[in-house]
Amino acid sequence: MTTDSPGPADGLLAVAPAAASDAPVPGGAESRRWRALAAAALGQLMVAADLTIMNIALPSAQRDLHMSDPTRQWVLTTFALGYGGFLLLGGRVGELLGRRRALLIGLAGFAAASALGGAAVDTGMLLAARGLQGMFGALFTPAALALLGTTFTVPAERARAFAIFGTVMGSSSGIGLILGGVLTGYLSWRYSMYIAVPLALVAAAVTVSAVPRHTPAPAAGAPGPGAVAPGRGRVDIAGALLATVGLMALVFGFSRAQTDGWGSAGTVAALVAGAVLLAAFVLVEARVPSPLLPLRVVLHRGRGGSYLATLAIGVAVFAGFFFLTYYLQEVLGYSPTRTGVAFLPLTAGLVTGARIVGRLIVRVAIRNLLVTGLVSAAAALTLIGLLRPDSSYWAGALPALVVLGFGMGWVMMPANSIATLGAGRDAGVAGGAVMTFQQIGASLGLALLGTIAGTATTGYLGSHHAATGGPRALAQAAVVHGFNVASFAGAGFLAAAAVVVYLVVGPHGSTATGGAPAPAGPAAVPTQPAAQGETTRDPAALPGSPVALSRPSPPPRLSPAVAPAAGRLPPGASVG
């Protein structure tokens with residue numbers, strides 16, 4: 001079984017001596033590291049593309065399987081629930097199985113579920129396949145993020161690796177939309193499911209060649225390969241059930257509100273049950289010896305801020321995809337293929353944003369990057385809120401897609417990087433939590449904003465009468481009005497989230513974890529010499545300022561976290 005070196009106290013980064021320097025890596029090991037990145041990125045491309053690929057294929061699948069309008073949304077929501085609901089559990093299971101085994105099982109299961117969905121003969125079979133896709137994707141993603149977090153420890157390479165991974169993961173949304181359009185337009189919606197099979201086979205082949213069965217020998221004092229870290233031998237089943245059922249209850253409650261109203265007994269009961277179950281989840285995690293989501297992971301200010309940001313961006317992204325897909329096909333009359341191509345500017349905006357943030361992440365405070373991304377996404381939803389039935393693609397949807405993609409790049413790339421920084425044994429769970437919160441946002445966003453849109457649409461139809469253009473024009477105007485109202489609500493939510501993230505992460509990106517000092521010795525990361533009169537800080541405690549580790553430094557001076565263990569030194573003395 002694959003194990004990691006023991007993590008230091010939360011907020012302090014401890015790595016092996018080779019990782020703390022810029023020493024060259026042997027050619028074979030260097031090649032294997034970047035092939036491991038390719039395997040992780042390709043597999044995540046497959047998983048993340050499936051988050052959006054059915055957006056374009058959904059109208060065709062609905063007609064083919066005789067799906068009702070309320071059920072249609074669950075084809076998207078079921079995947080998001082299976083993925084988001086089981087990501088934390090997937091991170092824990094991956095730690096027990098070992099990273100390579102978790103990656104391969106995740107890929108194989110995802111491919112099998114995709115084949116099942118492509119062969120679906122009714123709505124129930126398709127929904128079951130989508131849920132299984134999400135669950136196996138939830139096993140793959142935490143293992144992939146933890147693999148990157150523990151493989152690329154030199155800050156400059158880490159920034160480059162996560163920039164590549166973030167770009168692939170983010171652009172996969174646009175790729176999924178394009179693939180969904182092309183495959184549905186020229187073949188069938190079923191091939192939007194089948195396409196995952198060859199992608200999984202290629203990713204599995206690269207994984208076998210690049211990811212070793214066991215990690216290299218850990219630092220002194222760490223458990224050897226095959227050992228189970230203390231307290232990690234059990235899986236928190238109670239926590240997994242509470243979190244998953246609680247999220248499902250919330251999503252179900254929001255969805256019921258659209259058809260039954262906010263005051264109906266079913267809606268209120270589902271929402272209250274969801275809130276109670278999630279509160280119970282927090283209490284359980286604080287008490288059990290092997291929590292699914294250790295509270296120390298979330299309470300770390302840098303990670304906590306990144307989780308809030310990804311939750312908010314999940315609301316924006318998937319609501320925006322859902323609204324714009326319907327707008328382009330049902331209002332502007334685009335074909336599935338043309339709709340997929342119309343989403344290309346989103347990918348361009350995302351790649352541009354990720355490239356810019358990849359350069360800034362080593363010198364700009366993490367909170368500034370996250371807030372910029374959230375404000376951009378809020379602006380994109382505002383632009384969607386300004387769409388009208390007669391708006392052109394170039395003046396209406398195009399600017400919204402570019403700005404939305406830009407915001408995605410500015411949130412997801414730094415959020416994935418900071419999530420595993422200094423997480424130690426929690427790397428798998430900390431990385432998986434990023435996608436967990438994004439999928440929670442996607443599920444709740446689709447349900448809540450979809451309900452707001454449906455309510456506004458119904459109200460518009462009740463207060464307006466068909467005039468020029470007849471009933472069809474009235475229906476289109478009502479639907480667009482519903483999207484407008486829901487988009488403005490989403491923009492307000494994102495603006496509020498930006499303020500909260502800014503406050504949570506703290507001034508200048510400081511995490512202020514207050515963790516125990518890192519142990520003295522070669523495993524401690526040396527820091528840059530401080531200017532006279534300044535206090536040297538552990539770089540992991542400043543996730544927004546990893547520039548302190550991004551370039552070679554003169555012979556380092558021990559940080560205050562380490563110096564006391566070495567005894568008293570004369571002022572200004574350094575340790576070689």
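Residues numbered from 1 in each chain as written. Predicted model: local features only at pLDDT ≥ 70, side-chain atom pairs only at ≥ 80, totals over all residues. Heavy atoms only, no water.

Now for a nonpolar patch on the surface. A cluster of nonpolar residues, Val182, Tyr186, Leu187 and Tyr191, forms a patch on the protein surface that exposes about 440 Å² of accessible area. Inspection of the secondary structure assignment puts Val182 in helix H5 (residues 155-186). Assessed through its relative accessible area of 32%, Val182 is described here as partly exposed. (Patch = residues over 30% accessible without salt bridge, like charges linked within 9 Å, V, L, I, M, F, W, Y side chains within 5 Å. Areas by Shrake-Rupley, 256 points an atom, 1.4 Å probe, with all protein chains shown as cover. Salt bridge = Lys/Arg side-chain N within 4 Å of Asp/Glu carboxyl O. Helix = DSSP H or I, 4+ residues; strand = E, 2+ residues; numbered from the N terminus. Buried < 20%, exposed > 50% of the residue type's maximum accessible area, 1.4 Å probe, protein only.)

Our focus in this paragraph is the environment of Arg367. Mapped onto the elements, Arg367 comes out in helix H14 (residues 366-385). Residue classification places Arg367 among the buried positions, given a relative accessible area of 12%. A sequence separation of 135 residues divides Arg367 from Tyr502, and the C-alpha atoms of the two residues are 5.6 Å apart. Side-chain polar atoms of Arg367 contact the side chain of Tyr502, separated by 2.9 Å. (Polar contact = N/O pair within 3.5 Å; in protein donor to acceptor, adjacent residues only side chain to side chain.)

Looking at the secondary structure, you find Arg130 in helix H4 (residues 123-151). You can call Arg130 buried: its relative accessible area is 0%. Not counting the four nearest positions on each side in its chain, Arg130 is found in contact with Asp50, Met54, Val75, Leu76, Thr78, Phe79 and Met193. (Contact = heavy atoms within 4.5 Å.)

When pLDDT is averaged across the chain, the result is 73; 74% of the residues are at 70 or more. Taken together, the stretch residues 216-232 has pLDDT below 50 and engages in 32 contacts with residues farther than four places along the chain or on a different chain. Note that pLDDT drops below 50 for residues 510-576; the model gives that stretch 108 contacts with residues more than four away or on any other chain. (pLDDT = per-residue confidence, 0-100.)

As a further point, take the packing of helix H3 (residues 99-118) against helix H7 (residues 196-210). Packing of H3 against H7 leaves a shortest axis separation of 9 Å and a crossing angle of 165 degrees. With respect to H7, the axis of H3 lies roughly antiparallel. The crossing of H3 and H7 is left-handed. In this structure, H3 contributes Arg100, Leu103, Leu104, Leu107, Phe110, Ala111, Ser114 and Ala115 to the contact, and H7 contributes Ala196, Val197, Ala200, Ala203, Ala204, Thr207 and Val208. Partitioning the contact of H3 with H7 into residue classes produces twelve nonpolar, two polar and one charged. (Axes fitted to C-alpha atoms, helices over the stretch in contact; angles between N-to-C directions. Parallel < 35°, antiparallel > 145°, perpendicular 65-115°, else oblique. Left-handed = near helix turned anticlockwise from the far one by under 90°. Nonpolar A, V, L, I, M, F, W, Y, C, P; charged D, E, K, R; others polar.)

Turning to the environment of Gly492, a few remarks are in order. On the secondary structure map, Gly492 appears in helix H17 (residues 470-505). C-alpha separation for the pair Gly492 and Val375, spaced 117 residues apart in sequence, amounts to 10.0 Å.

Turning next to H14. Its 20 residues give H14 an end-to-end C-alpha distance of 29 Å, which sits within 8% of 28 Å, the value for a rise of 1.5 Å per residue. Most of H14 sits out of view: 14 of its 20 residues are buried. (Expected span 1.5 Å × (residues − 1).)

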